Amino acid sequence: IILLIALAIFMAIRTQLYFNKKVATEAVEKKRKVLDFSLLDRDELMKQYNSEVSGFISEFAKILESCVFALINEDRKKLDEDLSESTRLHGRAKLLRKTSYHRLRDLEENSVDSGLHYIQVVDYLREMVHAVQYVVEPASVHVNNNHKPFTYDQKSELIGYNKDLVAYLELCSTSIAVNDFSNIA
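Residues numbered from 1 in each chain as written. Predicted model: local features only at pLDDT ≥ 70, side-chain atom pairs only at ≥ 80, totals over all residues. Heavy atoms only, no water.

1. Details of unusual backbone geometry
Quick reminder of the rule: In DSSP terms, a helix is any run of H or I states spanning at least four residues, a strand is any run of E spanning at least two, and both are numbered starting from the N terminus. Using a 1.4 Å probe on the protein chains alone, a residue whose accessible area is under 20% of its type maximum counts as buried, one over 50% counts as exposed, and one in between counts as partly exposed.
Phi is positive for Glu-74, close to 55 degrees, though the residue is something other than glycine. Looking at the secondary structure, you find Glu-74 in the loop between helix H2 (42–73) and helix H3 (76–98). Relative accessible area serves as the criterion here: at 37%, Glu-74 is assigned to the partly exposed category. Even without a glycine there, the phi angle at Asn-146 is positive, about 55 degrees. Inspection of the secondary structure puts Asn-146 in the loop between helix H5 (112–144) and helix H6 (152–178). The class of Asn-146 is exposed, set by a relative accessible area of 58%.

Encoded structure:
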């Protein structure tokens with residue numbers, strides 16, 4: 001019995017050390033990505049930023065779409081996944097904000113206006129993350145509180161709003177990715 005307890009303690013400590021090493025490695029990789037931006041020229045840098053922003057907006061659309069359908073179907077598991085995904089996205093947005101100084105420094109070498117616009121975009125992304133969280137959290141609480149299901153009319157309205165919003169977000173994401181803003185009204 002003592003041998004089994006010692007083996008369990010050893011396995012727990014080894015797992016914890018492995019996890020801490022993995023987290024530290026991921027942090028180093030994130031910092032390395034930030035440092036790699038300084039090696040790019042202005043056009044490549046802007047392409048990278050546009051790609052990053054476009055990816056964020058696409059993820060917002062996916063989370064919102066998934067959340068609405070999970071809410072309609074009262075799928076607690078999916079809502080919890082959406083909640084954790086929005087929390088992960090919040091962490092990414094926060095990291096963008098923290099690393100914006102380095103990125104701003106890279107942009108200011110070429111243009112002051114680009115740097116200011118980048119800071120505004122990062123702030124808007126954080127606001128969008130908060131908005132997504134303000135949708136997902138109450139939806140999850142609503143389903144967990146066992147409220148009565150939505151009526152057919154409520155479901156159809158939610159699906160309609162969701163469809164329009166996701167289409168607009170995808171349009172924005174595509175416009176940013178291809179750098180063509182003529183389609184956005």
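Anyway, onward from the coordinates.
2. Some points on the side chain of Ser-66
Which entries qualify depends on this criterion: Working rule for contacts: check all heavy atoms of both residues, and any pair within 4.5 Å makes them a contact.
Within the fold, Ser-66 resides in helix H2. Beyond its immediate sequence surroundings of up to four residues, Ser-66 is in contact with Lys-78 and Asp-82.

3. Thoughts on the packing of aromatic side chains
Each pair of aromatic rings is reported with the distance of its centres and the angle of its planes. Using the following cut-off: Think of it this way: a Phe, Tyr or Trp ring, Trp meaning its six-membered ring, pairs with another when their centres are within 6.5 Å, and the plane angle makes it stacked under 30 degrees, edge-to-face over 60, tilted otherwise. A ring is scored as having a charge over it whenever the NZ atom of a lysine or the CZ atom of an arginine sits within 6 Å of its centre and within 35 degrees of its normal.
Counted under the stated rule, the structure contains one aromatic pair. With a centroid separation of 6.0 Å and 55 degrees between ring planes, the pair formed by Phe-56 and Phe-60 is classed as tilted. With a gap of four residues between them, Phe-56 and Phe-60 both fall in helix H2, about one helical turn apart. When sorted by exposure, Phe-56 lands in the same class as Phe-60, which is buried. The ring centre of Phe-56 lies 4.4 Å from the NZ or CZ of Arg-92, which sits over that ring.

4. Remarks on H3
What counts, and what does not: Given a helix with a known number of residues, its expected span is that number minus one, times 1.5 Å. Definition of a polar contact: a pair of N or O atoms within 3.5 Å, with one able to donate and the other able to accept a hydrogen when the atoms are protein atoms, and with sequence-neighbouring residues admitted only if both atoms are side-chain atoms.
With 23 residues, H3 ought to run about 33 Å at 1.5 Å a step, and its terminal C-alpha atoms sit 33 Å apart, in line with that. Those residues of H3 not exposed but buried are Leu-79, Asp-82, Ser-86, Leu-89, His-90, Ala-93 and Leu-96. The opening residue of H3, the one whose side-chain oxygen lies 3.4 Å from the backbone nitrogen of Lys-77, is Asp-75.

5. Focus on a nonpolar patch on the surface
Heads up, the condition is: Like-charged residues within 9 Å of one another, or nonpolar side chains (Val, Leu, Ile, Met, Phe, Trp, Tyr) within 5 Å, are grouped into patches, provided each residue has over 30% relative accessible area and no salt bridge. Here the Shrake-Rupley method, with its probe set to 1.4 Å, supplies the accessible areas, and only the displayed protein chains count as covering residues. By definition here, a salt bridge exists when the distance from a side-chain nitrogen of Lys or Arg to a carboxyl oxygen of Asp or Glu is within 4 Å.
On the surface, Ile-1, Ile-5, Ile-9, Ile-13 and Leu-17 cluster together into a nonpolar patch covering about 560 Å² of accessible area. Mapped onto the fold, Leu-17 is located in helix H1 (residues 2–36). Classification of Leu-17 as exposed rests on a relative accessible area of 57%.

6. Focus: H6
Taking 1.5 Å as the rise per residue, H6 with 27 residues should run 39 Å; its terminal C-alpha atoms sit 39 Å apart, in good agreement. Of all the residues in H6, the buried ones are Asn-162, Val-166, Leu-169, Cys-172, Ser-173, Ser-175 and Ile-176. Asn-179 sits one or two positions beyond H6 and adopts a positive phi of about 60 degrees.

7. Considering the nonpolar core
To keep it simple, the criterion reads: We define the nonpolar core as a collection of buried residues of types Ala, Val, Leu, Ile, Met, Phe, Trp, Tyr and Cys that are connected through side-chain atoms lying within 4.5 Å of one another.
Judged by nonpolar contacts, the single largest core of 27 residues is most densely connected at Phe-56 and Phe-60. Mapped onto this core, the elements with two or more residues apiece are H2, H3, H5 and H6. If one sorts the elements of this core by residue count, H2 sits on top with twelve residues. Once residues lying within four places of it in the same chain are set aside, the contact partners of Phe-60 are Leu-89, Leu-125, Met-128, Val-129, Val-132 and Leu-169.

8. A short note on the pattern of salt bridges
Applying the stated criterion to the full structure yields five salt bridges. Glu-59 is the partner of Arg-88 in a salt bridge, and the nearest nitrogen-oxygen pair spans 2.6 Å. Separated by 29 residues along the polypeptide, Arg-88 in helix H3 and Glu-59 in helix H2 bring together distant segments of the chain. Owing to a relative accessible area of 36%, Arg-88 belongs among the partly exposed residues under this scheme. The shortest N-O distance in the salt bridge between Glu-81 and Lys-78 comes to 3.5 Å. Within this pair, Glu-81 and its partner Lys-78 are both found in helix H3, separated by three residues, close to a single helical turn. Residue class for Glu-81 comes out partly exposed when judged on its relative accessible area of 37%. Via salt bridges that share partners, Glu-59, Glu-85, Arg-88 and Arg-92 belong to a single interconnected network.

Remember that the coordinates give geometry; whether it matters functionally is a separate question.
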